[in-house]
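Structural overview
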Amino acid sequence: MDLKLLLLSTLLGVFSYSNAQKEGNECINANAKYCGECIQAGAKCGWCKDPNFLKQGETVSTRCDELQSLIKRGCDEQMIENPHGERRILKNKMVTNRRKGQDKLKPEEITQIQPQKLNLTLRSGEPQTFDLKFKRAEDYPIDLYYLMDLSYSMKDDLENVKNLGTSLMVEMSKITSDFRIGFGSFVEKTVMPYISTTPAKLRNPCTGDQNCTSPFSYKNVLKLTSDGKRFNTLVGQQHISGNLDSPEGGFDAIMQVAVCGDQIGWRNVTRLLVFSTDAGFHFAGDGKLGGIVLPNDGKCHLENNVYTMSHYYDYPSIAHLVQKLSDNNIQTIFAVTEEFQPVYQELKNLIPKSAVGTLSANSSNVINLIIDAYNSLSSEVILENSKLPEGVTIAYTSRCKNGVISEGENGRRCSNISIGDEVTFSISVTSKGCPKKGKHETIKIKPLGFTEEVEITLHFLCECECHKEAVKNSELCHFGNGTYECGACKCNEGRVGRQCECSSNDVATEDMDRTCRKDNGTDICSNNGDCVCGTCECKKRDNPEERYSGQYCECDNFNCDRSGNKLCGGHGRCECRVCVCDPMWTGSACDCSLDNTTCMASNKQICNGRGICECGTCKCTDPKFQGPTCETCPTCPGVCTQQKECVQCRAFGTGEKKDVCEQKCSYFNLIKVKDRDKLPQPNDASYPVVHCKERDANDCWFYYTYAVNNNTQKEVHVVDTLDCPAGPDIIPIVAGVVAGIVLIGLALLLIWKLLMIIHDRREFAKFEKEKMNAKWDTGENPIYKSAVTTVVNPKYEGK
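Not measured: the values here are computed from a predicted model. (Residues numbered from 1 in each chain as written. Predicted model: local features only at pLDDT ≥ 70, side-chain atom pairs only at ≥ 80, totals over all residues. Heavy atoms only, no water.)

Looking at the packing of aromatic side chains
- A complete count under the given rule lists 17 aromatic pairs for this structure.
- Between F251 and F281 the ring centres are 4.6 Å apart and the planes differ by 15°, which places this aromatic pair in the stacked class. In this pair, F251 is assigned in helix α10 (residues 250-259) and F281 in the loop between β11 (270-277) and β12 (302-303), connecting sequence segments 30 residues apart.
- Chaining the aromatic ring pairs together yields one cluster made of F186, F251, F275, F281, F283, F334 and Y344.
- The positively charged end of K189 is found above the aromatic ring belonging to Y315, 4.5 Å away from the centroid.
- Positioned above the aromatic ring of F668 is the side chain of R650, whose terminal nitrogen or guanidinium carbon lies 4.6 Å from the ring centre. (Phe/Tyr/Trp six-rings, centres within 6.5 Å; stacked < 30°, edge-to-face > 60°. Helix = DSSP H or I, 4+ residues; strand = E, 2+ residues; numbered from the N terminus. Lys NZ or Arg CZ within 6 Å of the ring centre and 35° of its normal.)

Some remarks on the state of the cysteines
- Taken as a whole, this structure holds 26 disulfides when the rule is applied.
- Each sulfur in the disulfide pair C48 and C75 lies 2.1 Å from the other. Disulfide C48-C75: torsion about the S-S bond near 95°, hence right-handed. Linking C48 in strand β1 (residues 45-48) with C75 in the loop between α5 (67-72) and β3 (80-81), this pair joins segments that are 27 residues apart in sequence. Pair check on accessibility: C48 and C75 agree, each one buried. (Disulfide = S-S within 2.5 Å. Buried < 20%, exposed > 50% of the residue type's maximum accessible area, 1.4 Å probe, protein only.)

A word on the nonpolar core
- L144, Y146, M148, L164, L168, F179 and F183 are the most contacted members of the largest nonpolar core, which totals 37 residues.
- No other element matches the eight residues that helix α14 (residues 366-378) contributes to this core.
- Aside from chain neighbours lying at most four places away, what touches Y146 is V161, L164, G182, F183, G184, V274, S276, V366 and I370. (Core = buried A, V, L, I, M, F, W, Y, C linked by side-chain atoms within 4.5 Å. Contact = heavy atoms within 4.5 Å.)

Let's talk about the domain arrangement of the chain
- As far as domains go, the chain holds domain 1 (24-83), domain 2 (92-100 + 111-123 + 383-460), domain 3 (142-379), domain 4 (562-593) and domain 5 (639-719).
- Summarising the inter-unit geometry, the C-alpha centres of domain 2 and domain 4 are found 53 Å apart. (Domains from an automatic or database assignment.)

Shown next as structure tokens:
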């Protein structure tokens, strides 16, 4: 590769890493050139600002690493920059505990969410968590706007809605003492093909003698008021209108109700919109049928309480409605007929904090429907947040009633909340890097359908603390060609090198290459790095833990001897291809232990006195012995068998060696004891004790112990009485055999008798069955045959 291109590649920081490296140490992978860039790489990353930290051949980016790795490489903990984020609550007003009937508070004086304002300082990759409390306040004010379809099919419904004001006031007074109600109506866009534009139909769109009002898109009939009678009066003055197609222009009306807050009279309280219809709806794109192509602008266009731009702007999209309803904290109740329940149920799934109720054919159940829907909406709290800055994520964990804990999307909500219930949400905010726009951002979190919100100001840690002490145009950076910051030079544009000693426009020369060679016979930077301004900058490995180093990148920390498939046996570190062993370890692969405790035999002797300890392993000098401590002798007789003849002759005067006992068996001290309990136990002595049990020629057992005490004297403790087997007792044996024969005979007789009884009963049953099936007269003997033979003459005619 051309050296100039290699230089430019190094300057621009263009490196190609394998997948293994990308999945490895994020601090090293960041290739950070200064401290601020390092701490943005991840929460585990630290920057060593020690000026003398870097070794020859290491790049500035190796100052950025995980904390334990930096300390292991020799950076003092006090010299590591590792700032952390923080959380500071600015406004923390307690939630309101007022009950109904107590002193009346203004809506802005009621608090249902805590805290209200806080600052979060975010370090990249490090989450900041806080708890948000929500408590439903009792007697909270409610604004309800009734938006009704006044197409001809809703004629009978209008009659029942005319008395809705006072009736709803009475019912809602059970929930809140501060209730206001408003009314609006809609039909359809006033263009073809939605309505007939002939003059006669514009005056009266209904057929026959029906008296209908002119078609319109949306009218705000009554601004929100606490006067229920006024609601009844104004609604009673309304008239049905008509249109041509089945779907209605209700979305136009919903959009105007949401954005025209001043004309509607919305307060910063619970806002309910009741949408009553018996038909479907038009949405974005349907306006093209009437030649309307401009998308809905989402702005208020009410003049004299009438929507004037229905012919100009298309219907709003569902997403547009969702945004505006959410922005204005409006909860929607769809009161629709049973026929259109499935359609509006699907719409409900797209609009958060909305409900669907089944409207009777004439709207007679509308009050109960509104009360039920309100209770359903108010018993659920769903948190939403404003748009997050780039790189910022937020996670919710809810702690609802009865100890129910949820995470993920379900962590945003709690259900079945009653008035006075308090629930808690744990909210965790995490950033990745710093946003491009600035170091400060504001986000808001609020419960859907409520005006209260939490304002969170985000501050981002984009620079280290030592950045404040930076020295611009420092002499330490080659006569002022860079800023000395956090122990390293941050070069000015066009300068490169550890001390910014070179210009990026310099052309590589043979002199520069020569300084990057160890001698004339070696490659540039040992073929393990790049020559930048006459100095080797070593390459990075796929594994971030593996590094090249040295003036000519001739060293590395991964090409040392291995033992047990571990570098330096796992008992040392690799420095410049040589293992530097931990204490008590030696060898080229640090696989030789200097600790001889593993060679200690059970008799407390090194290798049982039959070998030498090398690298924590016994090498037995006596070929008969083997094992980790030279205690195993497969070809040797056991100690008990080996001592048997001598113990037998000295203790009892028997055995094969009784004649030569004094000559061959005087090498141990013999101590007699009365019974086996008196024998030495293994835990009684500080030296090993072997328990033996042997049998003599008369089948008698004798018990003894063999041991070598601390003075290397052999001791034998033996029980002075033999344990001989007793002869058999003949009488019980004979009696048992006789009794067995008698019992077996009786058992066989009983079995035979039982079988005969069963056989007889079966035969008798068979006889009784045949007797029942007999066909002859039971008064005669069927076996009897008369002795008289009667012969008839066929010629005889009875004359």
